[in-house]
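Fold and geometry: a report
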Amino acid sequence: MKLSVWTYEGPPHVGALRVATAMTGLHYVLHAPQGDTYADLLFTMIERRDHRPPVTYTTFQARDLGSDTANLFRTACEAAYERFQPQAMIVGASCTAELIQDDPGGMAETMGMPIPIIPLELPSYQRKENFGADETLFQLVRRLAAPMARSEAITANLIGPTALGFRHRDDITEVTALLEGMGITVNVCAPYGATPEDLTRLGAAHFNVLMYPETGEAACRWMERELGQPFTKTVPIGVGATRDFVAEVARITGLEARLDESRLRLPWYSASVDSTYLTGKRVFVFGDGTHVASAARIARDEMGFEVVGLGCYNREMARKIRALAKEFGVEALISDDHLDVEAAIAEAAPELILGTQMERHTGKRLGIPCAVISAPVHVQDFPARYSPQMGLEGANVIFDTWVHPLVMGLEEHLLTMFREDFEFHDDAGPSHHGGAHVRREATDTPAQDAPAEAENVIWLSEAERELKKIPFFVRGKAKRNTEAFANERGLDEISVDTLYEAKAHYAR
Amino acid sequence: MTHHTPPPPTVGCSDAPVLKERGQHEVFCGLTGIIWLHRKIQDAFFLVVGSRTCAHLLQSAAGVMIFAEPRFGTAILEESDLAGLADAQDELEREVDRLLARRTDIRQLFLVGSCPSEVIKLDLSRAAERLSARHAPKVRVLNYSGSGIETTFTEGEDACLAAMVPALPATDERQLMMVGALPDVAEDQALDLLARIGIDKVTVLPARHADAQVGVGPNTSFALTQPFLGGTHSALERRGARHVPAPFPFGEEGTTAWLRAVARDFGIDQARVDAVIDAPRARARKAVAKAAETLAGKTLFFFPDSQMEIPLARFLTRECGMEAVEVGTPYIHKALVAPDLELLAEGPVIAEGQDVEKQLDRCRAARPDLTVCGLGLANPLEAEGMTTKWAIELVFTPVHFYEQAGDLAGLFSRPLHRRDRLRLEAAE
Ligand code: SF4
Ligand code: SF4
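Residues numbered from 1 in each chain as written. Chains lettered and ligands numbered in written order. Predicted model: local features only at pLDDT ≥ 70, side-chain atom pairs only at ≥ 80, totals over all residues. Heavy atoms only, no water.

**Some thoughts on the overall build of chain A**
- Along its length, chain A carries 21 helices and 15 strands.
- Taking all 508 residues of chain A together, the buried fraction comes to 62%.
- Taking contacts inside chain A between residues at least 6 apart in sequence as the whole, the part at least 24 apart equals 72%.
- With an accessible surface of roughly 20400 Å², chain A has 51% of that area assigned to carbon and sulfur atoms. (Helix = DSSP H or I, 4+ residues; strand = E, 2+ residues; numbered from the N terminus. Buried < 20%, exposed > 50% of the residue type's maximum accessible area, 1.4 Å probe, protein only. Contact = heavy atoms within 4.5 Å. Areas by Shrake-Rupley, 256 points an atom, 1.4 Å probe, with all protein chains shown as cover.)

This is the structure we're talking about:
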């Protein structure tokens, strides 16, 4: 039993729903109680889809238990087939139905439906949403795809984009264009936009582009083994990664590596003098493994930030992220407990968080700006405008998105100069954001104050005033460092001198 | 005072046939109530014993993370808990100890059952007893079920309040108990009105804090503010309290009828009541009239959601001039909504339960001007060209009593208004 308030991932059947909702011509019959229908709103409200997800919930009740639930499932299957006439159906159980052991998969298979029925076994008490999506796509592909003649021209499948994915809609467009630039057309994109019939044509492609390992890796591995299709290992997020991706595709296909960089702006924006202020900004990176790995590289190599912490919530990526953290000289945080993540962020006191919607809230509480780089995301992360993460336009978008929450170059200097000005003080936040974005209490949160109280160090009022002149985003860190410094030396008072001695001591 | 609302219909819906549906439901489970209950009861923590699905429902239905440190959480059952049951009790105790150590402000703890905890027959009432003994007197531990196999959406609040009733101290005092978790602003207005019409002792269930003295006994009359409180109604009657039947206090008419019924029960004469309510009544009418300009003559279709559908249909047809085509509701407590059904003119299909696909067919065929439905259906229906109002707002927003009557009507007129305003075609 584990107490949880907010979760990064939903249960595995929500992953299956993401696959089903991304596709057309597929229907999902889910043995589940009525409350589980909340999942529909993830798609209709958060992602603003204009269709209901293609799912029938059996919505069994207590009075059905023991007698009728299996029957209910059977009728629901028949009714769904009648009404929606899908090309294929997936069937499975949510956490509650798993406990009553009706075996929906077995039942559906014996119903003699004239279409492929794919049973899903998604262990609700062990695995989570990403696994559910990955496994569902894998089962669909395994059942529907078969070896076949390759297309004459060189083609690729795009594998992994789902409904409710972070920018999947636009990444597809971007990657399709990248491939087109090399003369490669897309054979099938799955699950996003595919029909079950399309999946039977997967084998015609020469290779697979694994866009999101979280949701497409099992399918790609199977196709590599059974259909002889190699798949790409580079996720083209960021300038360097996009160039690597093009090189990898060239290697796989024997085509010339071609990349039209005429609209790429990130390198120049990063080089231009206004960006000097970005140098060494301390960032904390957290999200799903794939996006974190991409973001860390961009942060260090393309923005000139310093990565002071990184981690992921999906254990499936733990090994990869640990290795990456080693390369960055930080310790990896592998946790799906947002309170752990919050504590780690507070401890690292970064100037910018690159995270999920959870970290956006953490950032609000701690007074640290945050840009979102990974699912889970909320309604504002499904923008109306084109805003991919992948490819060269993705890189442009990332530059803008990450810089936006920060105080801009010259503005930062002015804030430092006029810190005591009544309306131009640093707590006012970036001038291009309406309202007080950064709250003054932020650095005085109990979490950060706790050590000071415990150790009994007194701040002399002069020193305290001096502390307030330190920019808000490093103030918490400065405070704790100074207190640690005083403790080490057995001082019970902190004067202005102590403050600056500590500063010199910790100088990087 | 002149009559602004029409006289009661000659034939209301009291005896109208009810279309009973037992197909796929598209409604939240009772856990959802935690989202408003934890704001209302300020020293309570709601601990769901459930699965990752339950945790995910709470965070999705809450509009996700609006509250910095919410007073709810889910103890997520894992493989190991499912294997041995004795274990699960200990595990729960451990989690509760940890929680209470961290949150010293908590005075009441609700263990909330879910589908998984019920299917594995995890005995939460035993757990609550053991934990109560362990943490008394500082923290009281109660339990109820918010599971989707037992409760539909607002029935979670009913189960929660009903669970509180047996623990209320006995009292013989003559008093009114107002029952239902309302936003503070609406609740305060009601308390003020009740005081001014001369009811001296009024208590509220649920109280905002654990130490509020809420007793119950044979001299307690209770008035419900929400139509879904059937279980609480029975629990209070078992404690000897007496229900004051009345239309629910939505809109000017409902509020007036509700207040008059309560006053009658306390032997207060109507002249005294009218002196107090004349001014707010007039304000409420004026406020409603504005929205009614948009709503009058429009057709209305309710998907089942909160059980507030029948009283709201009464308000929207009688005070706003709408025409109800179908009033779907998850469950009809005849004893509670009879006064509203009586006022609702015959005509609409009254449906109980749901078979969502069939109901969608009926809705598409009727093409109502306004469809009230859940979050899963709203955008898809909008995309089909229908105008919708999402029902969940009705439980999150202050909509009761006079001063909110205009806001209530506004919730329904806004979507229509918006559709009128948008001009996206080329000018020529
Ligand atoms: S319906 Fe049951 S399993 Fe689903 S969220 Fe509600 S209580 Fe949990
Ligand atoms: S950032 Fe805003 S919209 Fe997103 S989850 Fe938080 S409250 Fe909701």
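**A few points about the interface of chain A and chain B**
- The interface of chain A with chain B comprises 54 residues on the first partner and 60 residues on the second.
- In total, chain A and chain B occlude about 5100 Å² of area from one another, counting both sides; carbon and sulfur atoms represent 60% of this.
- Run the count over chain A and chain B and you get 21 residue pairs in polar contact (both at pLDDT 80 or more).
- Of all the secondary-structure elements, those providing two or more residues to the side of chain A that touches chain B are strand 1 (2-4), helix 1 (12-22), helix 2 (39-46), strand 3 (55-57), helix 3 (69-84), helix 4 (95-100) and helix 15 (357-366) of chain A. (Buried area = accessible area lost by both parts, 1.4 Å probe. Polar contact = N/O pair within 3.5 Å; in protein donor to acceptor, adjacent residues only side chain to side chain.)

**Considerations on the packing of aromatic side chains**
- Going through the model one piece at a time under the given rule, you end up with 12 aromatic pairs over all chains.
- With centroids separated by 5.3 Å and ring planes inclined at 45°, the aromatic side chains of F301 of chain B and F303 of chain B adopt a geometry described as tilted. Each member of the pair, F301 of chain B together with F303 of chain B, is buried.
- Ring-pair connections join several aromatic residues into one group, and the members of that group are F28, W36, F153 and F396 of chain B.
- For R300 of chain A, the ring lying beneath its charged end belongs to F328 of chain A, and the centroid distance is 4.1 Å.
- The lysine or arginine in question, K389 of chain B, covers the ring of W390 of chain B, its NZ or CZ lying 5.4 Å from the ring centre. (Phe/Tyr/Trp six-rings, centres within 6.5 Å; stacked < 30°, edge-to-face > 60°. Lys NZ or Arg CZ within 6 Å of the ring centre and 35° of its normal.)

**Quick notes on the sheet that holds strand 2 (residues 26-31) of chain A**
All names here are of chain A.
- Strand order in the open sheet made by the four strands is 3-2-4-5, with parallel pairing throughout. The two strands at the open ends of the sheet, each matched to only one other strand, are strand 3 and strand 5 (117-119). Adjacent strand axes in the sheet meet at a mean angle of 20° when their direction is disregarded.
- Taken strand by strand, helix 1 contacts strand 2, strand 3 and strand 4 (88-93), and its axis lies near 160° from that of strand 2. (Pairing = 2+ DSSP bridges. Axes fitted to C-alpha atoms, helices over the stretch in contact; angles between N-to-C directions.)

**Observations regarding the site of ligand 1**
- Around ligand 1 lies a shell of 13 residues, among which G35 and D36 of chain A together with C29, C54 and C115 of chain B are the nearest.
- One finds residues of chains A and B in close proximity to ligand 1.
- Where the shell around ligand 1 is concerned, the elements lending two or more residues are helix 2 (52-61) and helix 5 (115-119) of chain B.
- For the shell around ligand 1, the residue count by class is seven nonpolar, five polar and one charged. (Near = heavy atom within 4 Å. Nonpolar A, V, L, I, M, F, W, Y, C, P; charged D, E, K, R; others polar.)

**What to know about the sheet that holds strand 12 (residues 349-354) of chain B**
Residues and elements named next belong to chain B.
- With parallel pairing, six strands are arranged side by side in an open sheet as 1-12-11-10-13-14. The sheet terminates laterally at strand 1 (18-22) and strand 14 (388-390), the two strands that pair on one side only. With strand direction ignored, the average angle separating the axes of adjacent strands in the sheet is 20°.

**Focus: helix 15 of chain A**
Residues and elements named next belong to chain A.
- Counted residue by residue, helix 15 has eight buried out of 10 residues, so it is predominantly covered.
- Those residues of helix 15 that fall on the buried side of the exposure criterion are Q357, M358, E359, R360, H361, T362, G363 and L366.
- Of the residues flanking the start of helix 15, the one acting as N-cap is T356, its side-chain oxygen 3.1 Å from the backbone nitrogen of M358.
- Backbone geometry just after helix 15 places G367 at a positive phi near 75°.

**As for the environment of R238 of chain B**
All names here are of chain B.
- Within the fold, R238 resides in helix 9 (residues 230-238).
- By relative accessible area, which is 67% here, R238 ends up exposed.
- The sequence separation of R238 and P380 amounts to 142 residues, and the corresponding C-alpha distance is 45 Å.

**Here we look at the packing of helix 1 of chain A against helix 6 (residues 129-144) of chain A**
All names here are of chain A.
- Contact pair helix 1 / helix 6: the axes reach a minimum separation of 6 Å and the direction vectors enclose 50°. One element, helix 1, and the other, helix 6, form an angle in the oblique class. Regarding helix 1 and helix 6, the two cross each other, and that crossing is right-handed. Where helix 1 abuts helix 6, its residues P12, V14, G15, A16, R18 and V19 lie against E129, N130, G132, A133, T136, L137 and L140.
- Here the residues of the contact of helix 1 with helix 6 are counted per class, giving seven nonpolar, four polar and two charged. (Parallel < 35°, antiparallel > 145°, perpendicular 65-115°, else oblique. Left-handed = near helix turned anticlockwise from the far one by under 90°.)

**Examining the nonpolar core**
- In this structure, Y28 of chain A together with F46, F110 and F412 of chain B are the most contacted members of the largest nonpolar core, which totals 180 residues.
- Broken down by element, this core gets its largest block of residues, eight residues, from helix 11 (residues 270-295) of chain B.
- For Y28 of chain A, the residues in contact, after removing those within four places along its chain, are H13, A16, L17, A20, P54, V55, T56, I90, V91, G92, L120 and L122 of chain A.
- Of all hydrophobic cores here, the second largest spans 57 residues; its members include V285, A293, V330 and L352 of chain A. (Core = buried A, V, L, I, M, F, W, Y, C linked by side-chain atoms within 4.5 Å.)

**Quick look at helix 13 (residues 334-343) of chain B**
- Within helix 13 of chain B, burial applies to L336, V337, P339, D340, L341 and L343 of chain B.
- Looking at the buried side of helix 13 of chain B, the elements it contacts are strand 8 (220-224), helix 9, helix 10 (251-265), helix 12 (309-318) and strand 12 of chain B.

**Some thoughts on the side chain of S51 of chain B**
- Within the secondary structure layout, S51 of chain B lies in the loop between strand 2 (44-50) and helix 2.
- Take S51 of chain B: its relative accessible area is 2%, and that puts it in the buried class.
- For S51 of chain B, the side chain forms a polar contact with the main-chain nitrogen of T53 of chain B, separated by 3.2 Å.
- When sequence neighbours within four positions are dropped, the list of residues in contact with S51 of chain B reads C95 and Y125 of chain A together with T74, I76 and P116 of chain B.

**Some remarks on the packing of helix 14 (residues 338-348) of chain A against helix 15 of chain A**
Residue and element names in this part refer to chain A.
- Following both chains from N to C, one finds helix 14 and helix 15 inclined at 45°, their axes separated by 10 Å at the closest point. As judged from the angle between their axes, helix 14 and helix 15 are oblique. Viewed along their axes, helix 14 and helix 15 form a crossing whose handedness is right-handed. Counted together, V341, E342, I345 and A346 of helix 14 and E359, T362, R365 and L366 of helix 15 form the full contact between these two elements.

**Thoughts on unusual backbone geometry**
- With omega at 0°, the peptide bond leading from A190 of chain A into P191 of chain A counts as cis.
- A cis amide bond links A375 of chain A to the next residue, P376 of chain A, at an omega of 0°.
- Turning to its location among the elements, P376 of chain A is positioned in the loop between strand 13 (370-372) and helix 16 (391-403).
- Despite not being glycine, K121 of chain B has its phi angle at roughly 60°, a positive value.
- Tracing the backbone through its elements, the reader meets K121 of chain B in the loop between helix 5 and helix 6 (124-135).
- Look at K121 of chain B and you get exposed, because its relative accessible area is 67%.
- Phi is positive for F153 of chain B, which is not a glycine, with a value near 45°.
- Here F153 of chain B is to be found in the loop between strand 5 (140-145) and helix 7 (155-164).

**Description of the pattern of salt bridges**
- Throughout the structure, instances matching the rule amount to 58 salt bridges over all chains.
- With a closest N to O distance of 3.4 Å, E488 of chain A and R489 of chain A form a salt bridge.
- According to the relative accessible area criterion, E488 of chain A is exposed, its value standing at 56%.
- Since its relative accessible area comes to 40%, R489 of chain A is described here as partly exposed.
- Two residues, D265 of chain B and R174 of chain B, come together in a salt bridge whose shortest N-O distance is 3.0 Å. With D265 of chain B in helix 10 and R174 of chain B in the loop between helix 7 and strand 6 (175-179), the pair connects residues that are 91 residues apart, well separated along the chain. (Salt bridge = Lys/Arg side-chain N within 4 Å of Asp/Glu carboxyl O.)

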